[in-house]
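So you can see what is in the structure, the chains are spelled out below.
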Amino acid sequence: MNKKVHNRKKSIIQVYARAVFSDYSTWTIVAAAIGSLVGMIIAFIKDNDFAPLAVIALISSIVILLIKSILNIVTNVSDTNAYFYVQDDEEYKTKAIEKVKDSLPSNYKVIGNHNIGHIFYDEEVNNFIMNNDISLNVSKERYTLPKDLRSLLPFVLKQTLKGKKVFTDDKKVCLQTDIEVGVKFVSVRQATYYDGQVTSEQSSKRIRSRRDLRFKFNGIDLIYDFDINKVKSLSNNSLANRIGGSTLAITSDNYAVISIQGNINLLNAGKYVVTGSGSMDYKDLKGCKTLQQFLIKGIERELHEESSAGFAIKETKLIGYGRIIERGTKPEFFGITYLTCSKDELRQQFDNKNKERKIGLVDDIIFVPINSLKEFIEKNKTFISLQLLIYKELL
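Just so you know, these numbers come straight off a predicted model, no measurement behind them. (Residues numbered from 1 in each chain as written. Predicted model: local features only at pLDDT ≥ 70, side-chain atom pairs only at ≥ 80, totals over all residues. Heavy atoms only, no water.)

Our focus in this paragraph is the overall build of the chain. Counting secondary structure elements, the chain contains 14 helices and 17 strands. Considering only intrachain contacts with a sequence separation of at least 6, the fraction spanning at least 24 residues in the chain is 71%. Total accessible area computed for the chain in this model is approximately 20300 Å², and 54% of it derives from carbon and sulfur atoms. (Helix = DSSP H or I, 4+ residues; strand = E, 2+ residues; numbered from the N terminus. Contact = heavy atoms within 4.5 Å. Areas by Shrake-Rupley, 256 points an atom, 1.4 Å probe, with all protein chains shown as cover.)

If you want it as structure tokens, here you go:
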């Protein structure tokens, strides 16, 4: 079985398992385990008058947990068909975007369009993260889905799996601190890929119940505080806030390396995209003391994984940060990666390493002279990713 297909099936099972057991409290499971263990010990002690009762208690606890699990499975299977997205809900999406844009302070810029999304950023913040190290505080507490969103998990999973898109429920990193000028440290914690799918990726959508047609979910409530008419901060919202990172590779002879996204990807399939982009893995945190070290490590990993081109990296620098409105205002960092190889050398490496690949996250790469990049982006602005568009402003 192809490794990506195997990982996809493994992730589906993991996500459904999480849905089934999501409403078991820790104490419920611990109490059941202790009760079962004590019951087994008493049951096997010789000459014990309570042995029959212990066996009955043990069997009863197992049966109760089994029944509860079966009921949860039935509920979750039915929940995959219990809801539906409001189709052609562009007016709602537009109003949500405008609500966010109008609430931002004047120092923030917003770029993007209806086809690729919108991102807001602050040039002063970008200058700050380029010139100041920010310490990392890794929380031991993992992110957990809010209780009111757990019932949507099976439905969203079913929608995500339509077609042959590839995803794996890997351990990711979510940001708990807002990036502002002067910030000295940020807190991060572990989440999973699908935590972001159920929260951040639903923020520009509405979901209705098939039973009574009532709105089960309004995405804007996740990102906007109507009491103070302001975008919710990363520290106060209930989203996974998965950290994303993108980089644009530059060859030794000054060509920007643009990727053409593979059709199996969940996002930007078939579009011109940056050379490397994706969510930061939890394993990227190992050995990193600053936010910049962690981001550069994760960005360079994504660069190698997505194209398999064998990039010879000279240096990666962070140049920007923003939050993507349609994706739950998720945090996204941007870098530039300078290569030691030329355009022709990289072309040959990419072709050689991709001959045997049956499934690729990147279909091909093209080369654009760095002094013509802004013109290329402007000319192809309806066929590019939001992450590529922002480089027109950052460079």
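On we go from here.
Core analysis: the largest hydrophobic core is formed by 30 residues, its most contacted members being Leu152, Ile207 and Ile223. For this core, the elements supplying multiple residues, two or more each, are β1 (83-85), α4 (90-103), α7 (153-160), α8 (193-198) and α9 (220-223). What Ile223 contacts, discounting residues up to four positions off in sequence, is Val100, Ser203, Lys230, Val231, Lys232, Leu239, Ile325, Gly328 and Thr329. In terms of nonpolar packing, the next biggest core, distinct from the first, is built from 24 residues, Leu248, Ile324, Val368 and Ile390 among them. (Core = buried A, V, L, I, M, F, W, Y, C linked by side-chain atoms within 4.5 Å. Buried < 20%, exposed > 50% of the residue type's maximum accessible area, 1.4 Å probe, protein only.)

This next bit is on the sheet that holds strand β7 (residues 206-209). Within the open sheet, the 3 strands sit side by side as β1-β7-β8. Their pairing is antiparallel. Each edge of the open sheet carries a strand with a single partner, namely β1 and β8 (215-218). Neighbouring strand axes in the sheet, compared pairwise and without regard to direction, differ in orientation by 20° on average. Relative to β7, β1 runs antiparallel, the two sharing 3 bridges. Paired with Tyr85 across the bridge in β7 is Ile207. In this fold α7 packs onto β1 and β7, with an angle of close to 50° to the strand it touches most, β1. (Pairing = 2+ DSSP bridges. Axes fitted to C-alpha atoms, helices over the stretch in contact; angles between N-to-C directions.)

As a further point, take the confidence of the model for the chain. Detailed reading of the predicted coordinates is not advisable wherever pLDDT falls low. Taken residue by residue, the chain gives an average pLDDT of 81. The fraction at 70 or more is 73%. Here residues 1-10 is modelled with pLDDT under 50, and outside its nearest four sequence neighbours on either side it reaches 13 contacts, counting other chains as well. (pLDDT = per-residue confidence, 0-100.)

This next bit is on the environment of Phe217. Take Phe217: it is sitting in strand β8. Classification of Phe217 as buried rests on a relative accessible area of 5%. For the pair Phe217 and Asp148, spaced 69 residues apart in the sequence, the C-alpha separation amounts to 9.2 Å. What Phe217 contacts, discounting residues up to four positions off in sequence, is Leu149, Leu152, Gln202, Lys205, Arg206, Ile207 and Leu222.

So, on to empty space enclosed by the protein. In total, this model carries 1 cavity of 30 Å³ or more according to the counting rule given. Its boundaries defined by the atoms lining it, the largest cavity holds a volume of some 30 Å³. Taken together, Lys93, Ala96, Ile97, Ser203, Ser204, Ile223, Ile325 and Glu326 make up the full set of residues lining the largest cavity. For the lining of the largest cavity, the leading source of residues is α4, giving 3 residues. Among the residues forming the lining of the largest cavity, the class breakdown is 4 nonpolar, 2 polar and 2 charged. (1 Å grid on protein atoms, 1.4 Å probe; cavity = no way out; pocket = protein on both sides within 12 Å on 5 of 7 lines; lining within 4 Å. Points joined across faces, edges and corners; volume = space filled by probe spheres on them. Nonpolar A, V, L, I, M, F, W, Y, C, P; charged D, E, K, R; others polar.)

The subject of this paragraph is the sheet that holds strand β6 (residues 185-192). If you trace the 3 strands from one edge of the open sheet to the other, you get β4-β6-β5, paired in mixed fashion. Each having just a single partner strand, β4 (135-138) and β5 (171-175) make up the two edges of the open sheet. Direction aside, the axes of adjacent strands within the sheet are offset by 40° on average. Strand direction decides the pairing type here: β5 and β6, joined by 5 bridges, are antiparallel. When the sheet's bridge partners are listed, Val173 is paired in β6 with Gln190.

Now for the side chain of Thr329. Tracing the sequence through the fold places Thr329 in the loop between β15 (313-324) and β16 (330-339). Look at Thr329 and you get buried, because its relative accessible area is 0%. Not counting chain neighbours up to four residues away, the residues in contact with Thr329 comprise Phe120, Ile223, Val231, Leu234, Arg323 and Ile324.

Here we take up the pairing of β16. With 9 of 10 residues buried, β16 is to be regarded as a mostly interior element. Judged from the 7 bridges that link them, strand β11 (residues 244-250) and β16 form a sheet pairing that is parallel. In the sheet register, Gly244 faces β16, and the bridge partner there is Glu332. In the sheet, β15 pairs with β16 via 10 bridges, with the strands oriented antiparallel.

A complete count under the given rule lists 5 aromatic pairs for this structure. Between Tyr108 and Phe120, the ring centres sit 5.7 Å apart and the planes meet at 80°, which makes this aromatic pair edge-to-face. Pair noted here: Tyr108 is in the loop between α4 and β2 (109-113) and Phe120 is in strand β3 (residues 117-121), with a separation of 12 residues, a long-range link. For Tyr108, a relative accessible area of 26% gives the class partly exposed. Taking the centre distance of 5.9 Å and the plane angle of 85° together, the rings of Phe334 and Tyr391 count as edge-to-face. With Phe334 in strand β16 and Tyr391 in helix α14 (residues 391-394), this residue pair connects regions lying 57 residues apart in the sequence. The same class applies to Phe334 as to Tyr391, namely buried. Across the ring face of Phe215, the terminal group of Arg208 is positioned such that the distance to the ring centre comes to 4.2 Å. Just above the ring of Tyr255 sits the side chain of Lys343; from NZ or CZ to the centre is 5.3 Å. (Phe/Tyr/Trp six-rings, centres within 6.5 Å; stacked < 30°, edge-to-face > 60°. Lys NZ or Arg CZ within 6 Å of the ring centre and 35° of its normal.)

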